[in-house]
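Letter by letter, the chains look like this.
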Amino acid sequence: MTIRSKKNLFVILLAGALVFGLSSIALAQNTPSGTPINNTATLDFSVSGTPQTQVVSNIASFLVDNKVDLTVTTVDAAIVAVIPGGLAQVLTYAVTNNGNTVQDYSLSALNSPTGAFGEVETFNAVNVNVYVDTDADNTYTAADTDTYIDELASGASITVFVLSDIPLVQVNNDVASYDLIAQTAAGGTGGAQGADILADDAAAADDPALIQIVFGDGAGTADGATDGRFSSKDGYKVITTTLTAMKTTSVISDPFNLAVNPKAIPGATVGYTILVTNSGTLAADNVEVIDSVPANSAFLVGSVATVPAAVVSYSNDGGATWAYGPVPGANGTDPAVTDVRVVYLTVAAASAATETFSVIID
Amino acid sequence: MKRVLTITVLVLLSAGVANAAVELNTVALTEITTTDEEGQEVTTRVEAGKVVPGDEVIYTITFANHGTEPAADVVITNPIPDHMVFTQVEDSPYQATVSMSADGGSRYDAPRNLTVTDAKGQPRPAKESDFTHVRWTFQNPLEPGAEGSVSFRAQLQ
């Protein structure tokens, strides 16, 4: 006889065996370690039609053991951008107790040989320290001084920070990554760091009367499964500016063709354009562009234009000094100008600055 | 130990009256999978000593009729222990009919016939976590000297 219900399938065998095929059960709760689980059965029967006194079984009992299970996750959504010389730069992680017992956790930041977020690891930060988010505001503050997690309840999470200094010598795109490793330690005493639990009781005989330790954790980025530890990787990436300059030339006019298909002949006006591009993610400040007036040509006074606005100065001594004031001659040029300097106050990230000036060919 | 002694006295009393001394014992077991010398996985059952949330426990209830009269109308009832969720019945000898209760033992029926009241006050079919008791109702008498066991599985929450 087979009976199908909406969700579950029950197969009843007339021989007397009955099997329930039930879907797997989601964990509704995490029974605390040390909870006694008792089972008792009763048996009623009759003899010659007379009901007899109910028989009560013994009590089968065991204590719920300590399931050690934790996860460490990286809270930062992307690698943390830093600048050379940056102090106390913060990486943010979270540690969650998925076990059934209050635990302490020892914390360590392990220098990773591989870069976080798929980056290529290139350097090590210095003064690396780990702090717990003691004031529970999910932001590193001076109040966060604990270096281990104290008494984390079953199911609870806490934020942990790794702070490091970035050496001044680092350059754009350098990456330093750290695995935060949380090691389960004995809980139960607030304000004192419990001893690390380095092994579970897998080798010990099962004992229904003892609270034994069972590692049930998975593998993190720098630890194995069922080792009482978990880890996650986060990292720093040095972001500075990357400036590139490109110079183009065009003949604007000549004495014969004027502006129509002008040729670079004596007397022709030639324009130069210098494009400075900041492809980094930080603005570049005080960007200085110096260009020499080419040989056999004279600077056309007043021809300098910049976007954005910039401070323009001139040299008549090959760039040694920049106090020269150009004076236009008969054709508007000043042959004494040897170099033109443009200083942009700032070139924003992912933007460009353009300078143009003109010369007349001798 | 005191409780076990009390039960023994009970059993002896009933035996004295009916001459059908039925003994009942329960044990909690867990399955352990090991690899033998030939690389085969072997599953053995041991007394449940290391149990953490998510583990399944097999409760085996053994019975024996030590008396001289057949024990008829045998009904074995086992409340599902606290913190455990019933998963399945494993063994039901003597053509025992299995029924469940989802209301603390007031009503027993086939699981598919049981309902509970949901949060909105509407009845819905009972599911695994609703079961409070499992019961075996034997169709055949337990003859003198007969012994056997019933068992069910439950998962620690």
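Residues numbered from 1 in each chain as written. Chains lettered and ligands numbered in written order. Predicted model: local features only at pLDDT ≥ 70, side-chain atom pairs only at ≥ 80, totals over all residues.

## Re the overall build of chain B
As a reminder, the rule being used: Every helix listed is a DSSP run of H or I at least four residues long, and every strand listed is a run of E at least two residues long, numbered separately from the N terminus. Between the buried cut of 20 or more and the exposed cut of 12 or fewer other C-beta atoms within 10 Å of a residue's own C-beta lies the partly exposed class, and all C-beta atoms are placed from the backbone. Throughout, a residue-residue contact means that the two C-beta atoms, derived from backbone geometry, are no farther apart than 7 Å.
When helices and strands are tallied, chain B shows one helix and ten strands. Each helix and strand of chain B, ordered N terminal to C terminal, gives the series α-β-β-β-β-β-β-β-β-β-β. In chain B, which comprises 157 residues, the proportion classed as buried is 38%. Look at the contacts in chain B between residues 6 or more apart in sequence, and 74% of them connect residues 24 or more apart.

## Focus: the sheet that holds strand β10 (residues 70-74) of chain A
Residues and elements named next belong to chain A. Rules: The pairing criterion is simple: DSSP has to find at least two bridges between the two strands. Fitted lines through C-alpha atoms give the axes, limited to the stretch in contact for helices. The angle between two N-to-C directions lies from 0 to 180 degrees.
A sheet is described by the order of its strands in space; here four strands give the open sequence β10-β12-β16-β14, paired in antiparallel fashion. Both outer strands of the open sheet, β10 and β14 (126-132), are each paired with one neighbouring strand and no more. On average, each strand axis in the sheet is tilted by 25° relative to the strand beside it, whichever way the strands run. Here five bridges tie β10 to strand β12 (residues 89-97), and the two strands are oriented antiparallel to one another. Considered in β12, the bridge of Thr73 is made with Ala94.

## Re the environment of Glu128 of chain B
Of note, Glu128 of chain B is situated in the loop between β8 (123-125) and β9 (133-137). When the C-alpha atoms of Glu128 of chain B and Asp55 of chain B are compared, they prove to be 15 Å apart, with 73 residues separating the residues in sequence.

## Here we look at the nonpolar core
All names here are of chain A. Convention followed: To form a nonpolar core, buried Ala, Val, Leu, Ile, Met, Phe, Trp, Tyr and Cys residues must be joined through C-beta atoms within 7 Å.
Counting residues in hydrophobic clusters, the biggest one holds 86 residues, and the most contacted among them are Leu43, Val95, Val160, Leu180 and Ala182. Element by element, the count of residues in this core is highest for strand β17 (residues 175-186), at seven residues. Contact partners of Ala182, with chain neighbours within four places excluded, come to Leu70, Val72, Val95, Tyr105, Leu107, Arg229 and Phe230. Core analysis: the second largest hydrophobic core is formed by 17 residues, Val276, Tyr314, Tyr344 and Phe357 among them.

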